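Secondary and tertiary structure notes
So the chains spell out like this:
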Amino acid sequence: MKVLLVASELFPLVKTGGLADVAGSLPVAMMQQGCDVRVLLPNYPGILDKVENLEQGPQLGDPYGHGEISLLSGQIAESGLELWLVDSPALFNRPGTPYLGLDGYDYQDNHKRFGALSWAGAVIAQHGRLLNWQPDLVHCNDWQTGLLPAYLKIWSQQRPAMVFTIHNLLFSGIFDYFQYRDLGLPDGEFRPDGMEFFGRLSMLKSGIQYSDAITTVSPNYAKEIQTPEFGCGLDGLLRHRSDHLSGILNGVDYHIWSPENDPYLAAPYFENHQEPKQLNKIDLQNRFGLDQDPNKPLFGVVSRMSEQKGLDLVLEVLPYFIHKGAQFVILGSGDRILEEGFQQIAVEYPKSVATTIGYDEQLSHRIQGGCDFFLVPSRFEPCGLTQMYALKYGTLPIVRHTGGLADTVWEGTYDDAMQTGFVFGKATGFELSAALDRAMQAFRNPGLMHKLRIQAMRQNFSWDRAAGNYLALYRSVLYGV
Ligand code: ADP
């Protein structure tokens, strides 16, 4: 089976969040199960340094009048994953993140930038002979690839099968009608049962509307998004397409996220040899000038700072738990008010709180390794990867019962035999505090902590399972089996 996977970011080449982890790991796991998979992403600055066996591919055309778009092919060294890069200097050779300029705002022409990614994917899907490789199925990810199924549908009846994965329904690629007109799409598709969404273009809606199957990244989130509370205005369409909608839980790349062989940790450890975890805690306390005290529970956060992630709740309860002796290490960036709030509290309590604003892959590993608990109090969470990493590091996650968090972390009411973390219900400071209190109580019981860590570290969310599920879905879309 030949599969073209299209995404706007991919670890280790370019990453702003969980999508990159998925796009970097899922195709490798699929390859290992015999699938002939190639990945398409934009050629952002700096990517080529990390790609091997680079070759110039064919020119595809100039859909929007910004110059010829061509393809580059190459491989990722460690995994051998085959890549195609959409090369358009006018659209992609810019400083900033894949989506935002240096001023922190969306690029004004993101509709064309990701329209071009979708368009290039559609050209490959339609004219595989250009590359001697014709995909049986195209797997699109998030709004940045949402126009691909639309282009294919409009161009021809004879097209590969299409699967569209929603990694986060909140980000839907909304643009104005005048921008729609830049994209070479017929006016006839700009209608409520097409790509139109309250008078504007929704690229995510396009992906949902025109694909053969829709997935999202956890079974629970697949149910939630069919309700008005989580549906972001698309719940009606998702209910309408529910026969074609399913949830496949993301996986973890245990080559990258495992305390046994994590090069960023001060000391490796594993399930039956947990003692060195303390060294990682001391290392973290040292690095940030926190009180060097093994008896103080250390809570970690690695996250985008946004309302979604519920970090305002953490800010709300933090002073109370500092006074109870807890310490916090926070890494993240995003919302200015949250950034400032966490910075300020670190200045007020330098022995108890350390805040790092920014993106730091290495520090994110050290926080996973060195903390006792890991906080993910999201208001909604399509899957969430950090709580799964935390489980593997025996850093007990404290999560809200929503989306993929509810699918991956367990806390029973009466029994700790299956418990792997702490789970709370409503997104309130009160309920989060109650969960933190339960965690603090467990911390005072070393025997219980040891047992819970073992239960957490034994959880297995490998990509093999997720890849198997995707391949089964592909077969059902292609052959009806
Ligand atoms: P989302 O994709 O919604 O941001 P996920 O939990 O699915 O959330 O994935 C987040 C990924 O990004 C994880 O790999 C996490 O470790 C990483 N991450 C988030 N913020 C930072 C940061 N400030 N520095 C380093 N890594 C980060």
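The shown structure was predicted, so the numbers you read here are calculated from the model rather than taken from an experiment. Here the residue numbering is sequential within each chain, running from 1 through the sequence in written order. Two thresholds apply to this predicted model, a pLDDT of at least 70 for residue-level local features and 80 or more for giving and counting side-chain atom pairs, whereas whole-chain, interface and lining totals are computed over all residues. Note that water and hydrogens are dropped before the side-chain values are worked out from all heavy atoms of the structure.

**A few points about the sheet that holds strand β6 (residues 137–141)**
Strand order in the open sheet made by the nine strands is β3-β4-β5-β2-β1-β6-β7-β11-β12, with mixed pairing throughout. The strands lining the two open edges of the sheet, one partner per strand, are β3 (51–61) and β12 (245–247). Averaged over neighbouring strand pairs, the angle between their axes works out to 25 degrees when direction is ignored. Two strands qualify as a pair provided DSSP detects at least 2 bridges between them. What counts as a helix is a DSSP run of H or I of at least four residues, what counts as a strand is a run of E of at least two, and both are numbered from the N terminus. The pairing of β3 with strand β4 (residues 69–76) spans six bridges and is classified as antiparallel. From the neighbouring strand, Gln56 faces β4, where its bridge partner is Leu72. We call two residues in contact whenever any of their non-hydrogen atoms come within 4.5 Å of each other. For helices, the axis comes from a line fit to the C-alpha atoms of the stretch in contact; other axes are also lines fit to C-alpha atoms, and the angle between any two N-to-C directions lies between 0 and 180 degrees. Contacting β1 (2–6), β2 (36–42), β3, β4, β5 (82–87) and β6, helix α3 (residues 110–126) crosses the sheet at an angle of about 150 degrees to β2. Strands in contact with helix α4 (residues 147–155) are β1, β6 and β7 (161–166); relative to β6, the strand with the most contacts, it is inclined by about 145 degrees.

**Focus on the sheet that holds strand β16 (residues 373–376)**
The six strands are arranged β15-β14-β13-β16-β17-β18 in an open sheet whose pairing can be described as parallel. The two strands at the open ends of the sheet, each matched to only one other strand, are β15 (353–357) and β18 (422–424). Across this sheet, the average inter-strand angle for adjacent strands is 15 degrees, counted without regard to direction. Relative to strand β17 (residues 396–400), β16 runs parallel, the two being bridged by four bridges.

**A few points about the pairing of strand β13 (residues 298–305)**
Only protein chains enter the accessibility calculation, which uses a 1.4 Å probe; a residue whose area is less than 20% of its type maximum is buried, one above 50% is exposed, and one in between is partly exposed. A large share of β13 lies buried, amounting to seven of its eight residues. Relative to strand β14 (residues 327–334), β13 runs parallel, the two sharing eight bridges. Counterpart to Val302 in the pairing with β14 is Leu331. Between β13 and its parallel partner β14, the chain crosses via helix α10 (residues 311–323), and the hand of that crossover is right-handed. Summarising the sheet, β13 and β16 pair through two bridges and their orientation is parallel. Within the sheet, the bridge partner assigned to Phe299 lies in β16 and is Phe373. With its strands directed away from the observer, a crossover is right-handed exactly when the path from the first strand over the helix to the second travels clockwise.

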